[in-house]
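Here's the letter readout for the chains.
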Amino acid sequence: MAGLHLIQTYSSDSDEDQHDEKGKDDHKIVNKLALPASILSWKGVTYNEEVIDDPLDHDGRVRSFKHERGNWATLIYINYMPSNSLHTWINSVLSKLPVEGTIVSSPHISLSRTLVLKFHWIESFVEGIKLLCHRFNKFVVQLTDIRVYCNEEKTRTFLGIYCQDENGMLKCLTEAFDKVLAGYQLPSFYEDTSYHISFFWCLGDKRTCLKEFLPSLTSDLNKFLAENTEDIYVHINDIQCKIGNKCYTFELK
């Protein structure tokens, strides 16, 4: 991209010599012209200057890796849409917690870490995940109890509903995805897996104070599920993969 910078700022010494007689006003000509977006793009990715991350722009959250042009944040997951009744129950939990936080806007079951994918990997990566998903049958998981989680950087704490998977399909999927990730030298999923749907998060490591509330929250959840049996099971029909701001959906067979 250095060549583009030279194009934008280029000013010929010989041109200045030829136009000296036109007077000093010529020196006021702006020679740093804006280039068309088609030139400032590289394989469909628009050129941007370095992005300075400001946690205040997204509720105090801190990026786990530096934003760099050509690197795309990637996540493999199962999308989950809570029913209206479960959503109401989740909102009722807020008043019972000892910390301030936020309801998760896009609940899901993670099947990978947040990965950093190079732009030129995207096409083959997506195709690999698609082919893999077509080998797996649709399945069902059961919602059971409330658990507390903290991210690796200890910057955020989550409350999640644990997903019991009697047939071990979630484990089989993540192990298969890990083999694909290894081909790109990307990190595998966590060894101590605990598949869950996060529904609440707060800043900092608040596991200690939140653990005291887990028994009562689990009891409340079980009462809710007993009265709303349609919410007990989650039917897994497809897998999602989000790369940057684009989301792919892969059907299971």
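The written sequence of each chain sets the order in which its residues are numbered from 1. In keeping with the model being predicted, local features are shown solely for residues with a pLDDT of at least 70 and side-chain atom pairs are shown and tallied solely at 80 or more, while totals for entire chains, interfaces and linings include all residues. No hydrogens and no water enter the side-chain calculation; it runs on all heavy atoms of the structure.

Go over the overall build of the protein with me, naming the residues and quoting the values.
Within the protein, the secondary structure is distributed over seven helices and 12 strands. Throughout this description, buried means an accessible area under 20% of the type-specific maximum (1.4 Å probe, protein chains only), exposed means over 50%, and partly exposed covers the range between. Each of the 253 residues in the protein was classed as buried or not, and the buried ones make up 36%. Here, residues are in contact when the closest pair of their heavy atoms is within 4.5 Å. The contacts in the protein between residues at least 6 apart in sequence include a share of 78% that link residues at least 24 apart. Helix and strand labels come from DSSP, where a helix needs a run of H or I of at least four residues and a strand needs a run of E of at least two; each type is numbered from the N terminus.

Tell me what's going on with the pairing of strand 11 (residues 238–243), and back it up with residues and numbers.
As paired elements, strand 3 (residues 71–79) and strand 11 share four bridges and run antiparallel to each other. Bridge pairing in strand 11 links Ile-76 to Cys-241. Whether two strands pair comes down to DSSP finding at least two bridges between them. Summarising the sheet, strand 11 and strand 12 (residues 246–251) pair through six bridges and their orientation is antiparallel. Paired with Lys-242 across the two strands is Cys-247, which belongs to strand 12.

Which residues make up the sheet that holds strand 8 (residues 156–164), and what are the values?
Read across the open sheet, the five strands follow the order 4-9-8-7-10; overall the sheet is antiparallel. The sheet is open, and its two edges are formed by strand 4 (102–103) and strand 10 (233–236), each paired on a single side. To define axes, lines are fitted to C-alpha atoms, for helices over the stretch in contact only, and angles between the resulting N-to-C directions are given on a 0 to 180 degree scale. In this fold helix 7 (residues 214–227) packs onto strand 7 (139–150) and strand 8, with an angle of close to 155° to the strand it touches most, strand 7.

I'd like to hear about the packing of helix 3 (residues 84–93) against helix 7, residue by residue, with values.
Two numbers describe how helix 3 lies on helix 7: the axes approach to 11 Å, and their chain directions differ by 160°. On the basis of the axis angle, helix 3 is roughly antiparallel to helix 7. The element helix 3 and its partner helix 7 pack so that their crossing is right-handed. For the pair helix 3 and helix 7, the contacting residues are Ser-85, Leu-86, Trp-89 and Val-93 in the first and Leu-217, Asp-220, Leu-221 and Phe-224 in the second. Along the lines of polarity and charge, the residues of the contact of helix 3 with helix 7 split into six nonpolar, one polar and one charged. An angle counts as roughly parallel when it lies under 35 degrees, as roughly antiparallel when it exceeds 145, as roughly perpendicular when it falls between 65 and 115, and as oblique in every other case. Working rule for handedness: look at the near helix, and if it is turned counterclockwise from the far one by less than a right angle, call the crossing left-handed; if clockwise, right-handed. Three classes are used, and their members are as follows: Ala, Val, Leu, Ile, Met, Phe, Trp, Tyr, Cys and Pro are nonpolar, Asp, Glu, Lys and Arg are charged, and the others, Gly among them, are polar.

Please give an account of the nonpolar core that cites residues and values.
Membership of the largest hydrophobic core comes to 58 residues, with the highest contact counts inside it found for Phe-125, Leu-159 and Ile-239. Examining the composition of this core, we find that seven residues originate from one element, helix 5 (residues 169–182), more than from any other. In contact with Leu-159, not counting residues within four places along its chain, are Leu-97, Ile-146, Arg-147, Val-148, Ile-197, Ser-198, Phe-199, Phe-200, Leu-210, Leu-214 and Leu-217. With five residues, the next largest nonpolar core counts Val-104, Phe-158, Tyr-162 and Trp-201 among its residues. Among the buried residues, those of types Ala, Val, Leu, Ile, Met, Phe, Trp, Tyr and Cys that are joined through side-chain atoms within 4.5 Å form a nonpolar core.

Please give an account of the UniProt feature "active site" (unreviewed entry) in the protein that cites residues and values.
UniProt positions are given in the numbering used here, feature names are shortened, and annotations may be inferred rather than shown by experiment. Those residues carrying the UniProt feature "active site" (unreviewed entry) are His-108 and His-196 in this numbering. For the residues just named, distributed over 89 residues, the greatest C-alpha separation is only 7.9 Å, placing them together at one site. Along the chain, His-108 turns up in strand 5 (residues 108–110). By relative accessible area, His-108 is classed as partly exposed at 24%. Excluding anything up to four places from it in sequence, His-108 contacts Leu-75, Tyr-77, Ile-78, Asn-79, Tyr-80, His-196, Ile-197 and Ser-198. Relative to the helices and strands, His-196 resides in strand 9 (residues 196–203). His-196 gets classed as buried once you look at its relative accessible area, which sits at 18%.

A description of the side chain of Asn-151 should follow, citing residues and the corresponding values.
For Asn-151, the position within the fold is in the loop between strand 7 and strand 8. Judged by relative accessible area, Asn-151 falls into the buried class, the value being 18%. A polar atom in the side chain of Asn-151 sits 2.7 Å from the side chain of Thr-155. In this view, Asn-151 contacts Arg-156 and Phe-158; residues no more than four positions away in its chain are not counted. Any pair of N or O atoms that falls within 3.5 Å is considered a polar contact. Within protein, one atom must be able to donate a hydrogen and the other to accept it, and sequence-neighbouring residues count only if both atoms are side-chain atoms.

Run through the side chain of Thr-218, naming residues and quoting values.
Examined against the element boundaries, Thr-218 turns out to sit in helix 7. Looking at Thr-218, the relative accessible area reads 15%, which means it is buried. At 3.0 Å, the side chain of Thr-218 and the backbone nitrogen of Ile-146 are in polar contact. The residues touching Thr-218, leaving out its near neighbours within four places in the chain, are Asp-145 and Ile-146.

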